[in-house]
Amino acid sequence: MDATFFFDPACPWTWRTSRWLVAVADARGLIVEWRSFSLAILNEGKVAPQFAEAMAASGRALRLVEALRAEGRGEDSAAFYAELGARTHDAGNPISDKLVDASAEAAGLDAAAPALDDDRWDEAVRESHALAYSSAGPDIGSPVLTVPGAERGIHGPILTEVPGTDDALTVWDSLLPLLRLPAFHEIKRGRR
């Protein structure tokens, strides 16, 4: 893999970053591994009631992501997430079980869809989340990006919009050497 992207599909910031990474991967011929990062696990015991439905739907989606990963079906995970992000973040809808199901169907994953409701995949989601958190944490959220040759991953990059290809490549080309530099820790701007 050229990059591993740990994500929670409920997060709009993560969605924008994923679209940036897809543009970079397309332009550079990179292979991206799609892995689970769970905001429900991160905030276990602290999820506000108004977010419980979204966190449950996201958890179902992450089960499918890990089931597909176990079968070496990264492109199917990417297609599923693309369908889900279009139906949620691009369309301005909160993630829901209905949209998760529709996204799996639209991605042609009917045969794999039983994983959505198979709680045996919850352990794989927890393991993936723990790997991401140990790579870039503490005090992080979704997404986490790791690359070969880097001791640690990063939370982010967090993007306010999906950049065009030239700017996307500039971000990647600037970020990659920083990721591989052990002394690099953090760059941050306050959100407006």
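As shown above, the structure is provided for reference.
Residues numbered from 1 in each chain as written. Predicted model: local features only at pLDDT ≥ 70, side-chain atom pairs only at ≥ 80, totals over all residues. Heavy atoms only, no water.

## Regarding the nonpolar core
The biggest cluster of nonpolar side chains holds 51 residues, and the ones touching the most others in it are Phe5, Trp20, Leu64, Phe80, Val100, Leu145 and Trp172. Beyond its immediate chain neighbours, meaning those up to four positions away, Phe5 contacts Thr14, Thr17, Ser18, Leu21, Val32, Glu33, Trp34, Arg35, Tyr81, Pro143, Val144 and Leu145. (Core = buried A, V, L, I, M, F, W, Y, C linked by side-chain atoms within 4.5 Å. Buried < 20%, exposed > 50% of the residue type's maximum accessible area, 1.4 Å probe, protein only. Contact = heavy atoms within 4.5 Å.)

## Concerning the sheet that holds strand β3 (residues 144-146)
Two orientations exist for strands paired in a sheet by backbone hydrogen bonds: parallel and antiparallel. Here we have four strands laid out as an open sheet, ordered β2-β1-β3-β4, and mixed in their pairing. Every other strand in the sheet has two partners, leaving β2 (32-36) and β4 (154-155) as the edge strands with one partner each. Both β3 and β4 contribute to a ladder of two bridges, which runs antiparallel. When the sheet's bridge partners are listed, Leu145 is paired in β4 with Ile154. Running over the sheet, helix α6 (residues 122-136) touches β1 (3-7), β2, β3 and β4 and is turned about 110 degrees from β2. (Pairing = 2+ DSSP bridges. Helix = DSSP H or I, 4+ residues; strand = E, 2+ residues; numbered from the N terminus. Axes fitted to C-alpha atoms, helices over the stretch in contact; angles between N-to-C directions.)

## With respect to the environment of Phe37
Here Phe37 is to be found in the loop between β2 and α2 (39-42). For the pair formed by Phe37 and Leu176, sequence separation is 139 residues and the distance between their alpha carbons is 21 Å. Every residue in contact with Phe37, bar those within four places of it in the chain, is listed here: Phe6, Phe7, Asp8, Leu42, Leu62, His129, Ala132, Tyr133, Ile140, Gly141, Ser142 and Val144.

## Observations regarding the packing of helix α4 (residues 74-90) against helix α5 (residues 97-106)
For the pair α4 and α5, interaxial distance at closest approach is 8 Å and the crossing angle is 135 degrees. Judged by the angle between their axes, α4 and α5 are oblique. For α4 against α5, the interelement crossing comes out right-handed. Counting all contacts with α4, which are made through Phe80, Glu83, Leu84, Arg87 and Thr88, the residues of α5 involved are Leu99, Val100, Ala102, Ser103, Ala104 and Ala106. Here the contact of α4 with α5 is built from residues that sort into seven nonpolar, two polar and two charged. (Parallel < 35°, antiparallel > 145°, perpendicular 65-115°, else oblique. Left-handed = near helix turned anticlockwise from the far one by under 90°. Nonpolar A, V, L, I, M, F, W, Y, C, P; charged D, E, K, R; others polar.)

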